[in-house]
Amino acid sequence: MRVDGNFALFQETRPAVMVVSHERSGTHFLMNALASCYGYVSSPWIDFDRPTFNINYFYASEVREVLLAIADRPMANVVKSHHSVEFFAGQLERLTERYVLFVICRDPVGVMDSFWRFIHQWPWAEGPKTLDAKSFAAAEPCGRLLRYQMRQHSDMLHRWSAHAEGWLAAAQKLSRVVIVRYEDLDSNFEATIRGFAEHLGRAPASIVRPARDYNVIPGGPRDPTGNGSSTDLAALRQLCLERVGPTMSRLGYA
């Protein structure tokens, strides 16, 4: 492997890798696992949210061309994105000629609890800041997180569902769009990692679980509001089942 500017390059031909997720779904856990087991580079990663060039994210052909230009050489750095599948409309078949897109999903109960705490870390309007995780899950998306969605959703749970359903549909059509459940990576690490070999065209060089605190964006304190708030997980799960139960079932969470 060699470094050329901001990119690390493999000496041999390999598919580029992109990790896509809804926020707070284990994104960096998967990126770090691809680095420790398959030799990709997760630090620094290529943040498709903040590239060094201007992108019209609402023009899918331009999104495709930028990503293909990034991967014109055997790039080792992982590309990271939280965008919904709609940003890649009609372009995924071409992209997957060069990329393997790993889409990591997580039980929405864990996502909403973590995301609620995460949002409160930032002094700006990243998203809805509510008194508890359940009200966060029921809140309308707002603020800076809107950059990852093509259209508005009634609440954060339906935003999560739309993100998951879009990528699930893409994975049914394209073998190089790979759905990974966070829970499988966490509880059955070796088998999950070995399952990536068929997509990456090689066996893992090692099976090394990355440290939980390496290259990870912290989720925030248990009581982010400072008002004694905590998450009633049972009530949050019931809300999730009521609003996005079908998507949870498709992913094995219900």
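For clarity, every value in this text was computed on a predicted model and none was experimentally measured. (Residues numbered from 1 in each chain as written. Predicted model: local features only at pLDDT ≥ 70, side-chain atom pairs only at ≥ 80, totals over all residues. Heavy atoms only, no water.)

Trainee: For this particular structure, what's the right way to read the sheet that holds strand 4 (residues 41-47)?
Mentor: Two strands in a sheet stick together by hydrogen bonds in their backbones, pointing the same way (parallel) or opposite ways (antiparallel). One open sheet holds the five strands; their spatial order is 4-5-3-6-7, and the pairing between them is parallel. Each edge of the open sheet is held by one strand with a lone partner, namely strand 4 and strand 7 (177-181). Pairwise comparison of adjacent strand axes, ignoring direction, gives a mean angle of 30° for this sheet. With six bridges connecting them, strand 3 (residues 16-21) and strand 6 (residues 99-105) associate as parallel partners. (Pairing = 2+ DSSP bridges. Helix = DSSP H or I, 4+ residues; strand = E, 2+ residues; numbered from the N terminus. Axes fitted to C-alpha atoms, helices over the stretch in contact; angles between N-to-C directions.)

Trainee: Hey, could you run me through the side chain of Gln 91 in this one?
Mentor: Position of Gln 91 relative to the elements: it lies in the loop between strand 5 (77-81) and helix 3 (92-95). Ignoring sequence-local partners within four residues, the contact set of Gln 91 consists of Ala 60, Ser 61 and Arg 64. (Contact = heavy atoms within 4.5 Å.)

Trainee: Can you help me understand helix 2 (residues 60-70) in this one?
Mentor: Owing to its 3.6 residues per turn, the α-helix aligns residues three or four sequence positions apart on the same side. Listed in full, the buried residues belonging to helix 2 are Ala 60, Val 63, Arg 64, Val 66, Leu 67, Leu 68 and Ile 70. Those residues of helix 2 hidden inside the fold are in contact with strand 2 (7-9), strand 3, strand 4, strand 5, helix 3 and strand 6. (Buried < 20%, exposed > 50% of the residue type's maximum accessible area, 1.4 Å probe, protein only.)

Trainee: Before we go on, may I ask you to explain empty space enclosed by the protein in this structure?
Mentor: Empty space left among the atoms is revealed by rolling a probe the size of a water molecule over them. What the rule picks out here adds up to one cavity of 30 Å³ or more. Put simply, the largest cavity is a space of about 50 Å³. What lines the largest cavity is Ser 21, His 22, Ser 25, Val 103, Ile 104, Cys 105, Arg 106, Trp 160, His 163 and Ala 164. Looking at the lining of the largest cavity, the elements that each hand over two or more residues are strand 6 and helix 6 (156-173). (1 Å grid on protein atoms, 1.4 Å probe; cavity = no way out; pocket = protein on both sides within 12 Å on 5 of 7 lines; lining within 4 Å. Points joined across faces, edges and corners; volume = space filled by probe spheres on them.)

Trainee: Even after reading the chapter, I still don't get the packing of aromatic side chains, so can you show me in this structure?
Mentor: Centre-to-centre distance and the angle between the planes together describe a pair of aromatic rings. Per the counting criterion, the structure on display carries 11 aromatic pairs. Measuring from ring centre to ring centre gives 6.0 Å for Phe 29 and Tyr 182, while their planes differ by 70°; the resulting arrangement is edge-to-face. Taken together, the residues span a long stretch of sequence, with Phe 29 in helix 1 (residues 27-38) and Tyr 182 in helix 7 (residues 182-187) at a distance of 153 residues. Here Phe 29 and Tyr 182 have matching classes, each one buried. Seen from their ring centres, Phe 115 and Phe 136 are 5.4 Å apart, and the 75° between their planes marks the pair as edge-to-face. Here Phe 115 is found in helix 4 (residues 108-119), whereas its partner Phe 136 is found in helix 5 (residues 133-137), with 21 residues between them in sequence. Aromatic ring contacts, followed pair by pair, group Phe 115, Phe 118, Trp 122, Trp 124 and Phe 136 into a single cluster. Residue placement shows Arg 14 over the ring face of Phe 10; its charged tip is 3.9 Å from the ring centre. The positively charged end of Arg 14 is found above the aromatic ring belonging to Tyr 40, 5.6 Å away from the centroid. (Phe/Tyr/Trp six-rings, centres within 6.5 Å; stacked < 30°, edge-to-face > 60°. Lys NZ or Arg CZ within 6 Å of the ring centre and 35° of its normal.)

Trainee: Honestly, the pattern of salt bridges in this entry has me stumped. Any pointers?
Mentor: Pairing is possible between side chains of opposite charge, provided their charged atoms come close. In total, this model carries 18 salt bridges according to the counting rule given. The partner of Arg 14 in a salt bridge is Glu 12, with the nearest N and O atoms 2.8 Å apart. The closest approach of N and O atoms between Arg 94 and Glu 65, which form a salt bridge, is 3.8 Å. Taken together, the residues span a long stretch of sequence, with Arg 94 in helix 3 and Glu 65 in helix 2 at a distance of 29 residues. The partly exposed category is assigned to Arg 94, whose relative accessible area is 40%. Linked through salt bridges whose partners overlap, the residues forming this network are Asp 49, Glu 126, Arg 144 and Arg 147. (Salt bridge = Lys/Arg side-chain N within 4 Å of Asp/Glu carboxyl O.)

Trainee: Which parts of the structure should I look at to understand the side chain of Ser 84?
Mentor: Looking at the secondary structure, you find Ser 84 in the loop between strand 5 and helix 3. Residue classification places Ser 84 among the buried residues on the basis of a relative accessible area of 8%.

Trainee: Just to check I follow, could you spell out the pairing of strand 6 for this structure?
Mentor: As a general feature of sheets, a regular strand has side chains that alternate between the two faces. Burial within strand 6 is extensive, with seven of its seven residues counted as buried. Of the two faces of strand 6, the one carrying Tyr 99, Leu 101, Val 103 and Cys 105 and the one carrying Val 100, Phe 102 and Ile 104 are both buried. Bridge count between strand 6 and strand 7: five bridges; the pairing is parallel. Bridge assignment links Leu 101 to a residue of strand 7, and that residue is Val 177.

What is shown is where atoms sit, not what they do.
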